Amino acid sequence: MFSKNKNDTHLDPEQHELLETAQNRIKQKKRLYTHFVVFLIGSVFLVLINKILKYWEEYDWFLWAITFWAFLFALHIFNVFVTQRFMGRDWERRQREKLVAKQKERIAELQKEIETDFPLSKINKKKEP
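Residues numbered from 1 in each chain as written. Predicted model: local features only at pLDDT ≥ 70, side-chain atom pairs only at ≥ 80, totals over all residues. Heavy atoms only, no water.

Participant: Help me understand the overall build of the protein chain in this model?
Facilitator: Across its full length, the protein chain carries 4 helices and 0 strands. Reading the secondary structure of the protein chain in the N-to-C direction produces α-α-α-α. Taken across its 129 residues, the protein chain has 12% of its residues classed as buried. Of the contacts made within the protein chain by residues no fewer than 6 positions apart, 59% connect residues no fewer than 24 positions apart. (Helix = DSSP H or I, 4+ residues; strand = E, 2+ residues; numbered from the N terminus. Buried < 20%, exposed > 50% of the residue type's maximum accessible area, 1.4 Å probe, protein only. Contact = heavy atoms within 4.5 Å.)

This is the structure in structure tokens:
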């Protein structure tokens, strides 16, 4: 436990980022599958309430509720399998790098503008009486 021969299993930042991304994707997919199971159970429950318990029996409102829920589930699927694939961490990193490059470029322009308007040679010269 306190020995000096302890094996350190340090991950380099790239491996750590890949592992973190994989864990996040697993969580997203797990939430999606959970949403699917809840959707199925909830749909059956809505049908039972309307048909068996005869709540608002004259109108099949469960169809609208299930359709709306299915639409939300479809959005969830789209988010997990389409949006996250194209706009995932790599996309975020590229966008961040573009913004940082633009900021650096703007800072360089401002610095150049300041140096042309207020050169150091004029500032460092002492006024003689």
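Participant: So what exactly am I meant to see when it comes to the packing of aromatic side chains here?
Facilitator: The relative placement of two aromatic rings is captured by the distance of their centres and the angle of their planes. If you walk through the whole model with that rule in mind, you get 3 aromatic pairs. Relative to F73, the ring of F36 lies with its centre 5.6 Å away and its plane at 35°, an arrangement referred to as tilted. Residue F36 is located in helix α1 (residues 13-52), and its partner F73 is located in helix α2 (residues 61-86); the two are separated by 37 residues in the primary sequence. Accessibility expressed as a relative area gives 37% for F36, which makes it partly exposed. (Phe/Tyr/Trp six-rings, centres within 6.5 Å; stacked < 30°, edge-to-face > 60°.)

Participant: I keep staring at α2 and nothing clicks. Help me out?
Facilitator: At 3.6 residues per turn, the α-helix brings residues three or four places apart onto the same side. Between its first and last C-alpha, α2 extends 37 Å over 26 residues, near the 38 Å set by a 1.5 Å rise per residue. The sharpest bend along α2 measures roughly 40° and falls at N79. Along α2, the residues that are buried comprise W61, F62, I66, F73 and V80. Of the surrounding secondary structure, the elements contacted by the buried residues of α2 are α1. (Expected span 1.5 Å × (residues − 1). Bend = angle between axes of the 7 residues up to and from the residue.)

Participant: What is the right way to read α1 from this model?
Facilitator: Taking 1.5 Å of rise per residue, the 40 residues of α1 would be expected to cover 58 Å, and the 57 Å separating its terminal C-alpha atoms lies within 8% of that figure. Those residues of α1 that sit buried are Q28, L32, H35, F39, G42, S43, L46, I49 and N50. The inward-facing, buried residues of α1 abut α2. Positioned one or two residues after α1, K54 has a phi angle of 55°, which is positive.

Participant: Please explain the nonpolar core as it appears in this structure.
Facilitator: Soluble globular proteins tend to pack their nonpolar side chains together in the buried interior. Listed in full, the 6 residues of the largest apolar core are F39, L46, I49, W61, F62 and I66. Sorting the residues of this core by element identifies α1 and α2 as the ones contributing at least two each. Not counting chain neighbours up to four residues away, the residues in contact with L46 comprise W61, F62, A65, I66 and W69. (Core = buried A, V, L, I, M, F, W, Y, C linked by side-chain atoms within 4.5 Å.)

Participant: Explain the environment of K51 to me, please; I cannot follow it from the model alone.
Facilitator: With respect to the helices and strands, the residue K51 is situated in helix α1. For K51, a relative accessible area of 37% corresponds to the partly exposed category. Along the primary structure K51 and F62 are separated by 11 residues, whereas in three dimensions their C-alpha atoms are 9.2 Å apart. The residues touching K51, leaving out its near neighbours within four places in the chain, are D60 and F62. One polar contact links K51 to D60, side chain to side chain, over a distance of 2.6 Å. (Polar contact = N/O pair within 3.5 Å; in protein donor to acceptor, adjacent residues only side chain to side chain.)

Participant: What exactly am I supposed to notice about the pattern of salt bridges here?
Facilitator: Side chains that differ in sign of charge can pair as their charged atoms come close. In total, this model carries 3 salt bridges according to the counting rule given. For the salt bridge of R106 with E109, the shortest nitrogen-to-oxygen distance reads 3.5 Å. Here R106 and its partner E109 are both found in helix α3 (residues 89-117), 3 residues apart, which amounts to about one turn of the helix. Its relative accessible area of 45% is what places R106 among the partly exposed residues. (Salt bridge = Lys/Arg side-chain N within 4 Å of Asp/Glu carboxyl O.)

Participant: Looking at this model, I keep getting lost on a nonpolar patch on the surface. Mind explaining?
Facilitator: Judged by side-chain polarity, F36, V37, L40 and I41 come together as a nonpolar surface patch covering roughly 360 Å² of accessible area. Here V37 is to be found in helix α1. (Patch = residues over 30% accessible without salt bridge, like charges linked within 9 Å, V, L, I, M, F, W, Y side chains within 5 Å. Areas by Shrake-Rupley, 256 points an atom, 1.4 Å probe, with all protein chains shown as cover.)

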